Structure formats: structure tokens, C-alpha cells
Amino acid sequence: MVSIPDSSSLTVAGKRARRKDARPSELLDAALDLFVEKGFAATKVEAVAARAGVSKGTLFLYFPSKEDLFRAVVHDNLVSRVAEWNAEYEEMDGSAAEMLRYALHSWWSRVGATKLTGLTKLVMSEAQNFPELASSYHAEVVRPSQQLIRRIIQRGIDRGEFRPLDAEYAVYSVTSAILYLVMHKHAMGVVVPEAEQLMPERYIASQLDIILHGLLRPAEDRPSRIPALS
């Protein structure tokens, strides 16, 4: 006679199976929180495992080292978003200016307004002590992001929308605006008075206006004589 397990044991087994499947995601979530809170050097794998509710041995089954864990966090949270933006670029049919606006505003909504900017701050502050991690971050996040922005700028030049310029270096006018916002959020923004806090959407709109239009008025709108400074 074949015994049939009762429904309660099946339920427990099912929960354990689902729990096991969820462990990598739970570990990555816990690691992200701790890396952002404490930095790479100060984060202990024991603390990550404890926050995820598993043993250190279980963590090492999925991620052989803390470096591997960090790379997985970056891939899961940032590399995947760069891939999304590249796919969206291929589908977009608007102007290069519209693409650039979309790029910065979507960066803010998907990354800038979240704790993910803490990963950028971590890499910038700890690159000297962990150059291999910084190199990996540059190869997987920074370089592909710059290449995408360069494609947008080059598209504008090729279509006659933007004037001829050094597209390779124009990229840094865009990325420097983003990096300043990251630094303000994680450094000076912590200590400056409320009245001096940056309003991110307003900041991005201002940066886009300067990037796309510059500071100079069109030649026909400038005064015939520029007053001398007193």
C-alpha cells in the first residue's frame, strides 16, 4: 500500500522549495542594503547572511566571495538597467534632444531617486582600495552608459539637429551633471540647510537646457555691444 503524504507536509515542502529559489534574490537585496549603508570594506558577509536569514555557508553556495557578491549586486541592479536603456534606444524614433531628455529623466526615476546611487558613491570612494571592483564597474556600467549617450549625441549630429562637435568628450557634459547630483545626494546634501537642497527634477531640467542650448543667446538676439564690467 502506497502512503500518501498529508497536505500539511506538502505545504511545508513547497514553502521550503520556494524559499530556496528566493535565496539569491534575498541575498542580493540584503547585500545592496549593507553595501550602501556601510560601504564595501565595512560590509561583512556574516551580516549579509544574517539580514537575509541564512547562514554564511548558504551565502557562499551562491556567491563564492564578497567580491562576487558585489559584482552580482551591480549586475542585478545597474547592468540590467543599461541593457534596458539600450533596448529602448533602438525602439525610439524621436529627436536626439528628446532622447537625451528621456535618458536623464529615466536615470533619475530608475536609479537617481533610489538607493542605487549608493553603489556609484561606493565605487568612487573605495576605488583606490579595490581597483578590480572599480574596473569591473567601469567596464559593465560606466563605459556602456557613456557609449549610449555618445550614440544619442552622434545621432543628433548626423541628422543635423546638433552642431558638429567632439561627441566623445561631449558625453562628459552629460555624465558630470549626473555625478554631481550623486555626490550632492550622498555628501553635501546631508549637511546643507533645507533651503539649499537641490531639487533633482529642476536641476536636471536646468542641466538639459544648458547642454542643449548653451549659455549664449542666439547671435541675432545679442546686444550689439556687450557692456564692460565695472
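Our subject is the structure that appears above.
Residues numbered from 1 in each chain as written. Predicted model: local features only at pLDDT ≥ 70, side-chain atom pairs only at ≥ 80, totals over all residues. Heavy atoms only, no water.

Q: An account of the overall build of the protein is requested, with residue identities and associated values reported.
A: A tally of helices and strands in the protein yields nine helices and zero strands. N-terminal to C-terminal, the α/β element order of the protein is α-α-α-α-α-α-α-α-α. Burial statistics for the protein: of 230 residues in total, 35% are counted as buried. Sequence-distant contacts, at least 24 apart, represent 66% of the contacts inside the protein between residues at least 6 apart. In the structure as shown, the protein presents an accessible area of about 14,400 Å², 56% of it carried by carbon and sulfur atoms. (Helix = DSSP H or I, 4+ residues; strand = E, 2+ residues; numbered from the N terminus. Buried < 20%, exposed > 50% of the residue type's maximum accessible area, 1.4 Å probe, protein only. Contact = heavy atoms within 4.5 Å. Areas by Shrake-Rupley, 256 points an atom, 1.4 Å probe, with all protein chains shown as cover.)

Q: For the nonpolar core, give the residues involved together with the corresponding values.
A: In terms of nonpolar packing, the biggest core is built from 58 residues, with Phe 35, Val 48, Leu 69, Phe 70, Trp 107 and Ile 153 touching the most fellow members. Listed by contribution, the elements that provide at least two residues to this core are α1 (7-38), α2 (45-52), α4 (66-91), α5 (96-112), α6 (117-126), α7 (131-158), α8 (167-186) and α9 (200-213). The biggest single contributor to this core is α4, with 10 residues. Other than its neighbours up to four places away in sequence, Phe 35 contacts Phe 40, Thr 43, Lys 66, Leu 69, Phe 70, Val 73 and Leu 122. (Core = buried A, V, L, I, M, F, W, Y, C linked by side-chain atoms within 4.5 Å.)

Q: Go over α7 with me, naming the residues and quoting the values.
A: Of all bends in α7, the biggest is about 40°, found at His 138. Where α7 ends, the next residue or the one after it, Gly 160, has phi of about 80°, a positive value. (Bend = angle between axes of the 7 residues up to and from the residue.)

Q: Tell me what's going on with the environment of Val 182, and back it up with residues and numbers.
A: On the secondary structure map, Val 182 appears in helix α8. Residue classification places Val 182 among the buried positions, given a relative accessible area of 3%. Separated by 65 residues in the primary sequence, Val 182 and Thr 117 have C-alpha atoms spaced 6.3 Å apart. Once residues within four sequence positions are removed from consideration, Val 182 is found in contact with Trp 107, Thr 117, Thr 120 and Lys 121.

Q: Give a detailed account of α5, specifying residues and quantitative values.
A: Taken together, the buried positions of α5 are occupied by Ala 96, Ala 97, Met 99, Leu 100, Leu 104, Ser 106, Trp 107, Trp 108, Val 111 and Gly 112. Of the surrounding elements, those touching the buried residues of α5 are α4, α6, α7, α8 and α9.

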